[in-house]
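Structural overview for review
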Amino acid sequence: MTSIRKNKWFMAVLYLLVFFMLVEWLTPVIVLTETGHKALFLIFIAVGLLMAFFRVPWWFSGPMKMLYILWFIVYVYTGNLFFTSEAISFLRNDFSLNFSALTAQNWAQTTDVFRTVLFFILLWMAIYLIHYWVSFRLSIFLFYLLTVIFIAVLDTFSPYSGETAIIRIMVIGLLLAGLLYLARWMEGHRVVERTDKIALFALPLVLVVAASTAFALYLPKAGPIWPDPVPFITSFSGQGGAGSAGSVGRIGYGVDDSRLGGSFIGDDTPVFRAEVSEGQYWKVESKDIYTTKGWELTENIGESFVYGNNDTVDTGFAPDEEELETALLSMEQEFPFVLYPYGTQSFSMEEPLDYQYNTADQRFETYQNGEEFEPETVEITFNEPSYSLTALRETELEDLAGVPAELGRFLQLPDELPERVGDLAAEITESSDTVYDKTRAIERYFSTSGFEYSQTDIPVPEADQDYVDQFLFETQRGYCDNFSTSMVVMLRSLDIPARWVKGFNEGELINSEGDTDIYQVTNNNAHSWVEAYMPGVGWMLFEPTIGFTGASSIDFDLELDPTDPEQLDQEERPLEEDSDNVEEEEAAVSSGPSFLDGAAEFISTNRWKIIWTLVAGALLAGILFKIRHKWMPKLLVTYYRSRGGSPQRFEKAYLRLLKQLDLYGIHRRPGQTLKSYAAYIDSFFGTPEMSELTEAYERSVYGGDVESVDWLQLRESWENLINRTSG
């Protein structure tokens, strides 16, 4: 009878389940910290578990893991694929910097590289502990319990969603716990270990876990028994709520915009797919009241209009006079409204539907038989409006006095707004004469004044701090909400009506079919922008956020004097811009790409090939280690032939032979003497050579008669035996 731990297939299943459990630990850490390179961390975990599974000696596994960590640092932080002189210099300098910081106990001066190494060490320790629990203790309960608690806490108190993760953890954990209990039971009852018997015992466990999981997924779900603890806990904090300082939110469309700020984590969950001739901004709604902390909507204002399928709608943005286009939206998330592009004329669905449009927030809510309806597919007829540059250049400041009274709410500003916000807006637009030029000047201000687009390390205003003032004069770092809100507030300080708009940008182009492009829009594409009112023209879209290209279509219908360079705005001279770009491109081509640029491009292009090559190399190394008893004898014979014939060499060779016989499968029992073991080996192979070698070894080691050992004479017997172990 042998221990179930000797069954490689059974242990392989356990280690595979452990790997998936560690993935559930790693995923939220990567997501919440925006660490990146998840695949490379998973490779490290997989290689560590493989080495533990094959019982690779520490003197081999340790250096291999250290080498991988160093390669990771070189690849991630320098972009080099190999240990070049530049990479080695980087490692040396970084080590020196961190060593100085640690000896001075200046923890803040440690680098990201040092923190990455600590994270790898944590993973290394976790792999070792789990290997110990699985292989020696045959118990995983503590790790299983900690995993459930870890995911539950993150799901409750962070933006990480553990709804599906907790299901996977329960399934993996139940299988692990059940199989380990089976192993303990079989060893305790001295049940003969055979693969077919293990499968017979494990099959009911797998069926019960699968059936219980299916029932849990498909049976009706009860509501929560206890109220959400987060509001209660955060009510005691100084900041309170989701907008507390340093909070991290998940990007995506949301309803509550009363407290903006804080960092975001990406979320590539699909929202809808759009089939359209070119990318569009997809509007949902707008808001009008700025509160110094965020946006709210004035209640009990505006009118509501109800439209049906194919009815002509009025959104305040009339379609262009050219031929109308069609967009097909396939929703992948459930919203009780429709998203629409600028210049929308009508909606159409297979179901009879009511589209209720509210002029207060410009949102189309969908109803069927008086109840909210969540569309799956909607066809939209539209054509993006185009604006006459001649008319925009005639938007005089005096015309703002004649703005309709109902637009007065789009001039609202809080009394607490710092005066310097309005002063900055006046300074930016000082040289602009028309309403349009002033609006464009503010739109361009952010991209020319050192502002930075980022979703991380974004603070939330303090209780006495204005959201816009903080962004404009302190952080100058943020995402679309910061840029769009700041532009709206500055425009209003100049008495230009403006409103804050929410929706989605064009998304990612994933395919093209003839004249139709297909875009995938995810939560990452949730966006906010600006609509400003131009007297005599109407509402226009403006995009102040750095890195985004949405803008209204302009009809360059001015009769210009080409000899007067002042007649054209620099942004509206495409030919001149193209000329500048051509010169820059020619200069870049003439200089030629550097070696480092080429290497970086090669790595970027072949990243996954490189990763899979490393994986294949690790697997090959594991396979070679597993079958080392087959190729090691040839290497040992060559090695000992090249050495001298001293008695000490014979002693080492004899001990090496014992290890090789054990690898071959002829194990020495606990307490068995060398003489008895040698007799068993001789009977196994049918030769007296092992007894001869053992007698010489005992005479040399235990009898002290070292000089009587003739290694050159014994070497032939040693080689015959060690070569037999490669069979």
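Preceding block: the structure.
Please read all numbers here as calculations on a predicted model, not as lab measurements. (Residues numbered from 1 in each chain as written. Predicted model: local features only at pLDDT ≥ 70, side-chain atom pairs only at ≥ 80, totals over all residues. Heavy atoms only, no water.)

1. Observations regarding a negative patch on the surface
To keep it simple, the criterion reads: Exposure above 30% relative accessible area and no salt bridge define the residues that can form patches, which grow by joining like charges within 9 Å and nonpolar side chains of Val, Leu, Ile, Met, Phe, Trp and Tyr within 5 Å. Each accessible area is a Shrake-Rupley result for a 1.4 Å probe, and residues are judged covered by the shown protein chains and nothing else. Basic side-chain nitrogens of Lys or Arg form a salt bridge, by our definition, when they fall within 4 Å of a carboxyl oxygen of Asp or Glu. This count recognises Lys and Arg as positive and Asp and Glu as negative, with His and chain-terminal groups excluded. To locate a charge, take NZ of a lysine, CZ of an arginine, CG of an aspartate or CD of a glutamate. Where helices and strands are cited, they refer to DSSP runs of H or I of at least four residues and of E of at least two residues respectively, numbered from the N terminus. Burial classes: relative accessible area under 20% of the type maximum marks a residue as buried, over 50% as exposed, and values in between as partly exposed (1.4 Å probe, protein chains only).
Judged by side-chain charge, Glu394, Glu396, Glu398, Asp399 and Asp433 come together as a negatively charged surface patch. Mapped onto the elements, Glu398 comes out in the loop between helix 10 (389-392) and helix 11 (419-428). Glu398 sits in the exposed class, given a relative accessible area of 60%.

2. Some points on the pattern of salt bridges
Close approach of charged atoms allows side chains with opposite charge to pair. Applying the stated criterion across every chain, the model contains 15 salt bridges. With a closest N to O distance of 3.5 Å, Arg363 and Glu285 form a salt bridge. With Arg363 in strand 12 (residues 363-368) and Glu285 in strand 4 (residues 282-287), this residue pair connects regions lying 78 residues apart in the sequence. What you see here is one network of salt bridges that share partners, running through Asp257, Glu285, Lys287, Arg363, Glu365 and Lys502.

3. A few points about the packing of helix 7 (residues 163-188) against helix 8 (residues 195-218)
Rule in force here: For helices, the fitted line uses only the C-alpha atoms of the stretch in contact; every axis is such a line through C-alpha atoms, and the angle between N-to-C directions lies from 0 to 180 degrees. Angles are sorted into four bins: roughly parallel if under 35 degrees, roughly antiparallel if over 145, roughly perpendicular if 65 to 115, and oblique for all others. Here a crossing is taken to be left-handed if its near helix is turned anticlockwise relative to the far helix by less than a right angle, and right-handed if that turn runs clockwise. Contact definition: two residues touch when any of their heavy atoms are within 4.5 Å. Gly is put with the polar residues, along with every residue not named as nonpolar or charged; the nonpolar set is Ala, Val, Leu, Ile, Met, Phe, Trp, Tyr, Cys and Pro, and the charged set is Asp, Glu, Lys and Arg.
Between helix 7 and helix 8, whose axes approach to 10 Å, the crossing angle comes to 155°. Between helix 7 and helix 8, the interaxial angle falls into the category roughly antiparallel. When you trace helix 7 past helix 8, the crossing you get is right-handed. Here Ile167, Val171, Leu174, Leu175, Gly178, Leu179, Leu182, Trp185 and Met186 of helix 7 lie close against helix 8, whose contacting residues are Ile198, Phe201, Ala202, Leu205, Val206, Val209, Thr213 and Leu217. Taken together, the residues of the contact of helix 7 with helix 8 break down into 15 nonpolar, two polar and no charged.

4. Focus: the environment of Ile722
By secondary structure assignment, the location of Ile722 is in helix 22 (residues 711-724). Residues Ile722 and Met632 lie 90 residues apart in sequence; the distance between their C-alpha atoms is 9.2 Å.

5. Brief notes about the packing of aromatic side chains
To keep it simple, the criterion reads: Each aromatic pair joins two rings of Phe, Tyr and Trp (for Trp, the six-membered one) with centres within 6.5 Å, and gets the label stacked for planes under 30 degrees apart, edge-to-face for over 60, and tilted for any other angle. Criterion for a charge above a ring: Arg CZ or Lys NZ at most 6 Å from the ring centre, at most 35 degrees from the ring normal.
In the structure shown here, the tally under the stated rule is 46 aromatic pairs. Ring centres of Phe72 and Phe120 lie 4.9 Å apart, and the angle between their planes is 75°; on these two criteria the pair is classed as edge-to-face. With Phe72 in helix 3 (residues 58-78) and Phe120 in helix 5 (residues 112-137), the pair connects residues that are 48 residues apart, well separated along the chain. Residues Phe72 and Phe120 agree in their burial class; the two are buried. Following the ring pairs from residue to residue traces out a cluster consisting of Phe41, Phe44, Tyr68, Trp71, Phe72, Tyr75, Phe119 and Phe120. Stacked on the ring of Phe53, the Lys or Arg Lys8 has its end atom at 5.4 Å from the ring centre. The ring of Phe410 carries Arg499 above its face, with NZ or CZ at 5.5 Å from the centroid.

6. Let's talk about the sheet that holds strand 20 (residues 516-522)
Test applied: A strand pair is defined by DSSP finding two or more bridges across the two strands.
With antiparallel pairing, the six strands of this open sheet are ordered in space as 10-14-8-3-20-19. Each having just a single partner strand, strand 10 (344-348) and strand 19 (508-513) make up the two edges of the open sheet. Strand-to-strand twist in this sheet, taken as the mean axis angle between neighbours without regard to direction, amounts to 20°. Both strand 10 and strand 14 (residues 377-382) contribute to a ladder of four bridges, which runs antiparallel. Bridge pairing in strand 14 links Ser348 to Glu379.

7. Thoughts on the packing of helix 3 against helix 4 (residues 85-103)
With their axes 10 Å apart at the nearest point, helix 3 and helix 4 run at an angle of 105° to one another. The angle between the axes of helix 3 and helix 4 places the two elements in the roughly perpendicular class. When helix 3 is examined against helix 4, the residues Leu70, Ile73, Val74, Tyr77 and Thr78 are found in contact with a partner set consisting of Ala87, Phe90 and Leu91. Of the residues that constitute the contact of helix 3 with helix 4, the class distribution is seven nonpolar, one polar and no charged.

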